[in-house]
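# Secondary and tertiary structure notes
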Amino acid sequence: MSKILEQARAQVLENGVGLDEAGVLEVLRLPDEDLAAALQLAHEVRMRWCGPEVEVEGIVSLKTGGCPEDCHFCSQSGLFTSPVRAVWLDIPSLVKAAKQTAETGATEFCIVAAVRGPDARLMKQLREGVDAIRAEVDIQIAASLGMLTQEQVDELVGMGVHRYNHNLETARSFFPQVVTTHTWEERFDTLRMVRESGMEVCCGGILGLGETIEQRAEFAFQLAQLQPHEVPLNFLNPRPGTPMGQQPVVEPRDALRAIAAFRLALPKTILRFAGGREITLGDLGTRDGLLGGVNAVIVGNYLTTLGRPAGDDLALLAELSMPVKALSAAL
């Protein structure tokens, strides 16, 4: 076993203390022959500090497209020539999506809007949607609405939204190459307010945006410093019409190295398979990731791209004897 994995076994597995930035970089640089050992150790860390349960979540877009921001990977930006156009989802459709999500066995339903931050109309629709879902579906509700004010954070708490997603997307040093219409620091301010409000913090990003391997390690360490409850790990699925539409897909072995490295940086955090795993890893890689530190999945489709059928993921979890996390008894 390599020296860094021996260190991680003692530090992370035995003591629950994540690797620092230099340690994460060493894992990301491991040769192919050490990859299986890294994934096995990451799985042991996950089992010890998080347990065997897997959290299953579905997501739906309340407002799709027409976003004024210029996130270079995103087909929902109104500034690019991608084919996605602005659409609002009505309340009955939102409730229907929540029911379909719950029927898969998922315990989490995340309502997403492509906006810089929510306006009064969006907050009103969200409030009505949350009330309608709660009246008919027994499921936890999360939200992802961009950057927030303190007043909006307080509103979300009052609605009973238990988790807020706001991704930092990439390392602080690389962020200006990905977004120019707002800053990394503005995103971090929203996350700080969410944490202080008592809502759970969900914060991850996308690998394969053109960042260096050093910046990938920087990103993992910055997430660890934030201590989010959940980290969704996306891999870029290049979208036509965006500035990153021609970016190459992350190599499968590099993606698996990243999964192991992020688990060893974040031993007690929910690490969620999110967008892009289908084209980056496929079925076999999805299995390897679940046996390499991942303990949550988004089932079904994403916001503007197709995912794996929910039944395929649930069948795989059953085959691997990984129980789906039960809905909180507090609901």
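Description of the structure in this document. (Residues numbered from 1 in each chain as written. Predicted model: local features only at pLDDT ≥ 70, side-chain atom pairs only at ≥ 80, totals over all residues. Heavy atoms only, no water.)

### Let's talk about the layout of surface pockets
The computed volume of the largest pocket comes to approximately 260 Å³. The wall of the largest pocket is formed by 14 residues, among which Ala 224, Gln 227, Ala 265, Leu 266 and Pro 267 lie closest to the centre. Of the residues that constitute the lining of the largest pocket, the class distribution is 8 nonpolar, 5 polar and 1 charged. (1 Å grid on protein atoms, 1.4 Å probe; cavity = no way out; pocket = protein on both sides within 12 Å on 5 of 7 lines; lining within 4 Å. Points joined across faces, edges and corners; volume = space filled by probe spheres on them. Nonpolar A, V, L, I, M, F, W, Y, C, P; charged D, E, K, R; others polar.)

### Notes on unusual backbone geometry
Positioned with a positive phi, Glu 169 is a non-glycine residue whose angle comes to about 75°. Inspection of the secondary structure assignment puts Glu 169 in the loop between β5 (163–165) and α7 (184–197). (Helix = DSSP H or I, 4+ residues; strand = E, 2+ residues; numbered from the N terminus.)

### Focus on the environment of Val 153
Mapping Val 153 onto the fold places it in helix α6 (residues 150–159). You can call Val 153 buried: its relative accessible area is 0%. For the pair Val 153 and Thr 183, spaced 30 residues apart in sequence, the C-alpha separation works out to 19 Å. Each residue touching Val 153, except ones within four places of it in the same chain, is listed here: Leu 148, Met 193, Val 194, Ser 197 and Met 199. (Buried < 20%, exposed > 50% of the residue type's maximum accessible area, 1.4 Å probe, protein only. Contact = heavy atoms within 4.5 Å.)

### A look at the pattern of salt bridges
Following the criterion strictly, the structure yields 24 salt bridges and no others. For Glu 230, the salt bridge is made with Arg 163, and the minimal N-O distance between the two is 2.4 Å. Of the two residues, Glu 230 sits in strand β8 (residues 230–235) while Arg 163 sits in strand β5, which places them 67 residues apart along the sequence. Taken individually, Glu 230 and Arg 163 each receive the classification buried, so the pair is uniform in this respect. Among the ionic contacts, a cluster of salt bridges with common partners joins Glu 55, Glu 57, Arg 163, Glu 200, Glu 230 and Arg 272. (Salt bridge = Lys/Arg side-chain N within 4 Å of Asp/Glu carboxyl O.)

### Side note on the nonpolar core
Residues Ile 133 and Leu 156 are the most contacted members of the largest nonpolar core, which totals 100 residues. Ignoring anything within four residues of it in the chain, the contact list for Ile 133 reads Leu 94, Val 95, Ala 98, Phe 109, Ile 111, Ile 139 and Ile 141. Formed by 6 residues, the second largest nonpolar core is a distinct cluster that contains Cys 110, Val 112, Ala 142 and Ile 298. (Core = buried A, V, L, I, M, F, W, Y, C linked by side-chain atoms within 4.5 Å.)

### Side note on the packing of aromatic side chains
Throughout the structure, instances matching the rule amount to 2 aromatic pairs. Seen in terms of ring centroids, Trp 184 and Phe 188 are 5.6 Å apart; in terms of plane orientation they differ by 15°. Their pairing is stacked. Residue Trp 184 and its partner Phe 188 are located together in helix α7, separated by 4 residues, close to a single helical turn. The exposure class of Trp 184 is buried, given its relative accessible area of 7%. Of the residues examined, Phe 188 reaches a relative accessible area of 32% and is grouped as partly exposed. Ring centres of Phe 219 and Phe 262 lie 6.1 Å apart, and the angle between their planes is 65°; on these two criteria the pair is classed as edge-to-face. Of the two residues, Phe 219 sits in helix α8 (residues 213–226) while Phe 262 sits in helix α9 (residues 252–265), which places them 43 residues apart along the sequence. (Phe/Tyr/Trp six-rings, centres within 6.5 Å; stacked < 30°, edge-to-face > 60°.)

### As for the packing of helix α5 (residues 120–136) against α6
Relative to each other, α5 and α6 sit at 15°, their axes nearing to 10 Å. In terms of their interaxial angle, α5 and α6 are classed as roughly parallel. The hand of the α5/α6 crossing is right-handed. The residues of α6 that touch α5, namely those facing Met 123, Leu 126, Arg 127, Val 130 and Arg 134, are Gln 152, Glu 155, Leu 156 and Met 159. (Axes fitted to C-alpha atoms, helices over the stretch in contact; angles between N-to-C directions. Parallel < 35°, antiparallel > 145°, perpendicular 65-115°, else oblique. Left-handed = near helix turned anticlockwise from the far one by under 90°.)

### Here we look at the pairing of strand β4 (residues 140–144)
Burial analysis of β4 places 5 of its 5 residues in the buried class, the great majority of the element. Burial along β4 is two-sided: the face carrying Gln 140, Ala 142 and Ser 144 and the face carrying Ile 141 and Ala 143 are both buried. Here strand β3 (residues 108–113) runs beside β4; their pairing, made up of 5 bridges, is parallel. Residue Val 112 lies in a different strand from β4, and its bridge partner there is Ser 144. (Pairing = 2+ DSSP bridges.)

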